[in-house]
Amino acid sequence: MRIYISIVFILIFILSYGQEKKVNDDFELELEAEYRYFPNEAAFEGQKDHFPSLAITPEYSLSWNKGYDMLNFKGFFRLDVDDERTHWDIREFYYQKSKKNWEISLGLKKVYWGVTESNHLVDIINQTDAVESFDGEKKLGQPMAQFSLSTKKIGTFDFFYLPYHRKRTFPGMKARLRFPIVIDNDDLNYESSAEEWHQDFAIRWKHYIGSVDIGLSHFYGTGREPFFTYNYDFNIEAFYPIINQTGLDIQVTNNAFLWKFESIYRTSKVQDFFALTGGVEYTFSNIKSSGIDVGILLEYLYDDRNELALTGLQNDVFFGSRIAFNDVQSTEILIGGITDLKKSSKIFSLEASRRLGESWKLEVEGRFFSNIENRELILSNFQEDSFLRLSFLKYF
């Protein structure tokens, strides 16, 4: 990792040498006080019910050469009751150079792909920060070189070189939302003899045709999801396989309708599978001239790994509503649920946020597990782990 960062700085110097040196900079800081509460009795020994924590997120950016050259940094640190959730990460630290219709980025960066609400299938560049959030929305910074080429007629092409793989961290002994056996990062191996230094590559094409936005991607390298197996003693064994994954994402805008679709096909020596998520979002705008927008969401989720899917979403329906008050406080609420079409298992969710004054923000999150069947190999471990999260954030 140190060698990679040194190379990045050398390339930054070469690419920016001789450019106009007028520099603009910006610094922002976010402080968070979080409290998570799990009301049900713990399923496994050692688990706690109350999880207060503190987090800090500094951001700093530099730009010069009329904005064509930029250096961006975003760090993160959390102190938590769970030792594994006490962690730090460089979310982003990269140099970006733009020139007419092309752009190059070097360093640690976050890249997001996808259009659906309930499951981001095609989003594979960054590793999931599994101790930070249950839904996989939080990601670790990924070392990369990214080259983007934009054309007016045939769309934008993104090329990625990913020289280093980052392992997923799983919750510790005190944590909820974990397996019966605590998974240690050091116990997770690699299929490749190069281990975390296997050289990965990805390409994505995106374009819009009228009201249709389309993305087509392919990834080759070490998978971001570990592959779990059980040995003869019924202990969990896991490793990161070498995979090929082809992804497709489409969004169609039709007046107040947003039609969304994502699908992937992944192959490896240990497992091939197909998965898709598709649905619609309809927005009722400015209801009764109140300024309030209400969106209705409906999506279907399919994964032919069935119960082996790490998300636990193999034949499910997601339904929800997004409410934006469009007020000065930027009040937003997202409520929803996922129900299995063949089992009784259900997950309900609540996410809400509201600004308090000019520099404070309140966030509320809830996840509630209902009637989770023991046949659910993944979700059955979390059936006692419904929780509420309350966060106060201060911005500087």
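These lines cover the structure that appears in this document, whether it is placed above or below. Being a predicted model, the structure only gives us computed values, none of them experimental.

1. So, the overall build of the chain
Looking only at helices and strands, the chain has one helix and 21 strands in total. Taken along its principal axes, the extent of the C-alpha atoms in the chain is 65 × 60 × 40 Å. Contacts in the chain between residues at least 24 apart in sequence constitute 55% of all its contacts with a sequence separation of at least 6. Of the roughly 20400 Å² of accessible surface on the chain, 59% is carried by carbon and sulfur atoms. For the chain, the centre of its 44 positive side-chain charges and the centre of its 58 negative side-chain charges are spaced 6 Å apart.

2. Things to note about the side chain of K394
Mapped onto the fold, K394 is located in strand β21 (residues 387-395). A distance of 2.6 Å separates the side chain of K394 from the side chain of S359, its partner in a polar contact. Look past the residues within four positions of K394 in its chain and what remains in contact with it is L29, E30, L31, S359 and W360.

3. Re the pattern of salt bridges
Summed over the entire model, instances satisfying the criterion amount to 33 salt bridges. Across the pair R85 and D80 runs a salt bridge whose closest N-O atoms are separated by 2.9 Å. Judged by its relative accessible area of 9%, D80 is buried. Across the pair R305 and D303 runs a salt bridge whose closest N-O atoms are separated by 2.8 Å. The residues R305 and D303 share a single accessibility class, namely buried.

4. Here's the deal with the pairing of strand β19 (residues 346-356)
Examined bridge by bridge, strand β18 (residues 332-340) and β19 share eight bridges and lie antiparallel to one another. Note that in β19 the partner of E332 across the bridge is S353. Taking the residues between adjacent antiparallel strands as the criterion, β18 and β19 are bridged by five residues. Taken together, the eleven bridges between β19 and strand β20 (residues 360-370) define a ladder with antiparallel strand orientation. Bridged to S349 within β20 is R367. Between β19 and β20, which pair antiparallel in sequence order, lie three residues; one of them, G357, sits at a positive phi of approximately 75°.

5. Some points on empty space enclosed by the protein
If you walk through the whole model with that rule in mind, you get two cavities of 30 Å³ or more. Considering only enclosed or pocket space, the second largest cavity measures out at about 30 Å³ in volume. For the second largest cavity, the lining is made up of ten residues, of which D316, I338, S345, I347 and L379 are closest to its centre. Those elements giving two or more residues to the lining of the second largest cavity turn out to be β18 and β19. Class assignment for the residues of the lining of the second largest cavity results in four nonpolar, two polar and four charged.

6. Some remarks on the environment of R354
Mapped onto the secondary structure, R354 falls in strand β19. It is 24 Å that separates the C-alpha atoms of R354 and H50, two residues lying 304 residues apart in sequence. Residues in contact with R354, not counting those within four places in the same chain, are D327, Q329, S330, T331, K361 and L362. At 3.4 Å, the side chain of R354 and the side chain of D327 are in polar contact.

7. Description of the packing of aromatic side chains
Geometry of an aromatic ring pair is reported as the spacing of the ring centres plus the angle between the planes. Taken as a whole and assessed by the stated rule, the structure comprises 20 aromatic pairs. Taken together, a centroid distance of 5.6 Å and an interplanar angle of 35° make the contact between Y161 and F201 tilted. Residue Y161 is located in strand β7 (residues 155-162), and its partner F201 is located in strand β9 (residues 200-209); the two are separated by 40 residues in the primary sequence. Within the aromatic cluster, the residues linked to one another by ring pairs are F134, F170, F179, F228, F369 and F382. A cation over a ring is seen here: K394 above F396, with NZ or CZ 5.3 Å from the ring centre.

8. Description of the environment of M173
Its place among the elements puts M173 in the loop between β7 and β8 (189-190). Taking C-alpha positions, M173 is 19 Å from F228, a pair spaced 55 residues apart along the chain. Every residue in contact with M173, bar those within four places of it in the chain, is listed here: E45, G46, Q47, D82, R178 and V182.

9. Section: a negative patch on the surface
Where like charges cluster on the molecular surface, the negative patch consists of D83, E84, D184, D186 and D187. Relative to the elements of secondary structure, D186 occurs in the loop between β7 and β8. Classification of D186 by relative accessible area gives exposed; the value is 65%.

10. Let's talk about the pairing of β20
Inspection of the sheet shows β20 paired to β21 by eight bridges, in the antiparallel sense. Bridge pairing in β21 places R367 opposite F387.

11. Side note on a nonpolar patch on the surface
Together, L31, L54, I56, F77, L79, W88 and F396 line one region of the surface with nonpolar side chains, adding up to about 710 Å² of accessible area. Counting residues per element, the ones that place at least two in the nonpolar patch are β2 (50-64) and β3 (69-80). Structurally, the position occupied by F396 is in the segment after β21. F396 sits in the exposed class, given a relative accessible area of 53%.

12. Thoughts on the nonpolar core
F170, L177, I183, L188, F228, F369 and F382 are the most contacted members of the largest nonpolar core, which totals 19 residues. Residues contacting F170, with those up to four places away along its chain left out, are E84, V131, F179, I183, L188, P226 and F228. Counting 15 residues, the second-largest nonpolar core is a separate cluster that includes M144, F160, F219 and A275.

Calculation criteria
Residues numbered from 1 in each chain as written. Predicted model: local features only at pLDDT ≥ 70, side-chain atom pairs only at ≥ 80, totals over all residues. Heavy atoms only, no water. Helix = DSSP H or I, 4+ residues; strand = E, 2+ residues; numbered from the N terminus. Contact = heavy atoms within 4.5 Å. Areas by Shrake-Rupley, 256 points an atom, 1.4 Å probe, with all protein chains shown as cover. Lys, Arg positive; Asp, Glu negative; His and termini not counted. Charge placed at Lys NZ, Arg CZ, Asp CG, Glu CD. Polar contact = N/O pair within 3.5 Å; in protein donor to acceptor, adjacent residues only side chain to side chain. Salt bridge = Lys/Arg side-chain N within 4 Å of Asp/Glu carboxyl O. Buried < 20%, exposed > 50% of the residue type's maximum accessible area, 1.4 Å probe, protein only. Pairing = 2+ DSSP bridges. 1 Å grid on protein atoms, 1.4 Å probe; cavity = no way out; pocket = protein on both sides within 12 Å on 5 of 7 lines; lining within 4 Å. Points joined across faces, edges and corners; volume = space filled by probe spheres on them. Nonpolar A, V, L, I, M, F, W, Y, C, P; charged D, E, K, R; others polar. Phe/Tyr/Trp six-rings, centres within 6.5 Å; stacked < 30°, edge-to-face > 60°. Lys NZ or Arg CZ within 6 Å of the ring centre and 35° of its normal. Patch = residues over 30% accessible without salt bridge, like charges linked within 9 Å, V, L, I, M, F, W, Y side chains within 5 Å. Core = buried A, V, L, I, M, F, W, Y, C linked by side-chain atoms within 4.5 Å.

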